[in-house]
Amino acid sequence: MADMYVICSDLEGVFVPEVWVNVAKKTGIDKLKLTTRDIQNYDTLMKYRIEILEQEKLTLKDIQQVIAQIKPLEGALEFIEWLKELARIVIVSDTFVEFADPLMAQLNRPLLLCHSLITDENNMISGYKLRQADPKRKTVEAFGSA
């Protein structure tokens with residue numbers, strides 16, 4: 001039986017630009033430029049972002065309109081296609097299902113493991129649901145144990 005190889009990669013900053021940085025640029029809300037490089041605790045960072053979105057009255061649809069304009073980084077699609085010839089590729093990201101669809105469509109839909117958002121009746125982001133805690137490390141460990 002042949003070995004199956006799996007390559008796990010992040011999404012933002014690897015294949016596409018950082019979503020929140022783009023949202024910050026398009027809206028002029030500099031506070032949204034912060035990423036996990038700035039605030040390493042993901043829960044703290046997301047609560048901060050959600051608070052800003054609420055203050056600024058930005059809805060999920062507003063953010064999705066910005067994301068729809070984001071293009072993959074140069075060479076990203078070609079790199080993914082090349083990787084697919086060598087192994088299975090899995091994108092493990094801290095992004096959200098509700099953000100990722102237009103980006104994944106442009107990358108020919110590699111498998112994506114990510115989180116999901118919770119919205120209220122006004123389409124405001126009120127929270128999020130982790131796919132799992134420490135998802136990147138645990139996903140790589142799970143593939144390594146097979």
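Residues numbered from 1 in each chain as written. Predicted model: local features only at pLDDT ≥ 70, side-chain atom pairs only at ≥ 80, totals over all residues. Heavy atoms only, no water.

*Asks:* Hey, could you go over the overall build of the protein chain for me, with residue numbers and the actual values?
*Replies:* When its secondary structure is counted, the protein chain shows six helices and four strands. When the helices and strands of the protein chain are listed from N to C terminus, the series reads β-α-α-α-α-β-α-β-β-α. Its C-alpha atoms give the protein chain a radius of gyration of 16 Å, within 12% of the compact-globule value 15 Å for 146 residues. For the protein chain, the spread of C-alpha atoms along the three principal axes comes to 55 × 30 × 30 Å. Of all 146 residues assigned to the protein chain, the portion counted as buried reaches 38%. In the protein chain, the proportion of contacts linking residues at least 24 apart, taken out of those at least 6 apart, comes to 59%. (Helix = DSSP H or I, 4+ residues; strand = E, 2+ residues; numbered from the N terminus. Rg over C-alpha atoms; globule rule 2.2 N^0.38 Å. Buried < 20%, exposed > 50% of the residue type's maximum accessible area, 1.4 Å probe, protein only. Contact = heavy atoms within 4.5 Å.)

*Asks:* Residue-level account of unusual backbone geometry, with values.
*Replies:* Of note, the phi angle at Asn108 is positive, near 60°, even though the residue is not glycine. By relative accessible area, which is 42% here, Asn108 ends up partly exposed. One non-glycine residue, Asn123, adopts positive backbone phi at about 65°. Inspection of the secondary structure assignment puts Asn123 in the loop between strand E3 (111–119) and strand E4 (125–129). Look at Asn123 and you get partly exposed, because its relative accessible area is 28%.

*Asks:* Before we move on, can you summarise a nonpolar patch on the surface with the specific residues and values?
*Replies:* Judged by side-chain polarity, Phe79, Trp82 and Leu86 come together as a nonpolar surface patch covering roughly 330 Å² of accessible area. Along the chain, Trp82 turns up in helix H4 (residues 76–86). (Patch = residues over 30% accessible without salt bridge, like charges linked within 9 Å, V, L, I, M, F, W, Y side chains within 5 Å. Areas by Shrake-Rupley, 256 points an atom, 1.4 Å probe, with all protein chains shown as cover. Salt bridge = Lys/Arg side-chain N within 4 Å of Asp/Glu carboxyl O.)

*Asks:* Run through the pattern of salt bridges, naming residues and quoting values.
*Replies:* Counted under the stated rule, the structure contains nine salt bridges. Note that Glu18 is salt-bridged to Arg37, the shortest N-O span being 3.3 Å. Of this pair, Glu18 sits in the loop between strand E1 (6–9) and helix H1 (19–27) while Arg37 sits in the loop between H1 and helix H2 (42–56), and the two are 19 residues apart along the sequence. We classify Glu18 as buried; its relative accessible area is 18%.

*Asks:* Can you explain the packing of helix H3 (residues 60–67) against helix H5 (residues 97–106)? Please cite residues and give values.
*Replies:* Direction vectors running N to C along H3 and H5 enclose 20°, while the axes themselves pass 9 Å from each other. Classified by the angle their axes make, H3 and H5 are roughly parallel. With respect to the hand of their crossing, H3 and H5 are arranged in right-handed fashion. For the pair H3 and H5, the contacting residues are Leu60, Ile63, Gln64 and Ile67 in the first and Glu98, Phe99, Pro102 and Leu103 in the second. Residues of the contact of H3 with H5, tallied by class, amount to six nonpolar, one polar and one charged. (Axes fitted to C-alpha atoms, helices over the stretch in contact; angles between N-to-C directions. Parallel < 35°, antiparallel > 145°, perpendicular 65-115°, else oblique. Left-handed = near helix turned anticlockwise from the far one by under 90°. Nonpolar A, V, L, I, M, F, W, Y, C, P; charged D, E, K, R; others polar.)

*Asks:* Give me the sheet that holds E4: which residues, what numbers.
*Replies:* The four strands are arranged E1-E2-E3-E4 in an open sheet whose pairing can be described as mixed. One side of each edge strand has no neighbouring strand; the edge strands of this open sheet are E1 and E4. If you compare each strand with its neighbour and ignore which way they point, the axes differ by 25° on average. Relative to the sheet, H5 contacts strand E2 (88–96), E3 and E4, its axis offset from that of E3 by approximately 140°. (Pairing = 2+ DSSP bridges.)

*Asks:* Tell me what's going on with the packing of aromatic side chains, and back it up with residues and numbers.
*Replies:* Applying the stated criterion to the full structure yields six aromatic pairs. On the basis of an interplanar angle of 65° and a centroid distance of 5.6 Å, the ring pair of Trp20 and Phe99 is categorised as edge-to-face. Residue Trp20 is found in helix H1, and its partner Phe99 is found in helix H5; the two are separated by 79 residues along the sequence. Summarising the burial analysis for this pair, Trp20 and Phe99 share the class buried. With a centroid separation of 6.4 Å and an interplanar angle of 65°, the aromatic rings of Phe96 and Tyr128 are classed as edge-to-face. Of this pair, Phe96 sits in strand E2 while Tyr128 sits in strand E4, placing them 32 residues apart in sequence. (Phe/Tyr/Trp six-rings, centres within 6.5 Å; stacked < 30°, edge-to-face > 60°.)

What is shown is where atoms sit, not what they do.
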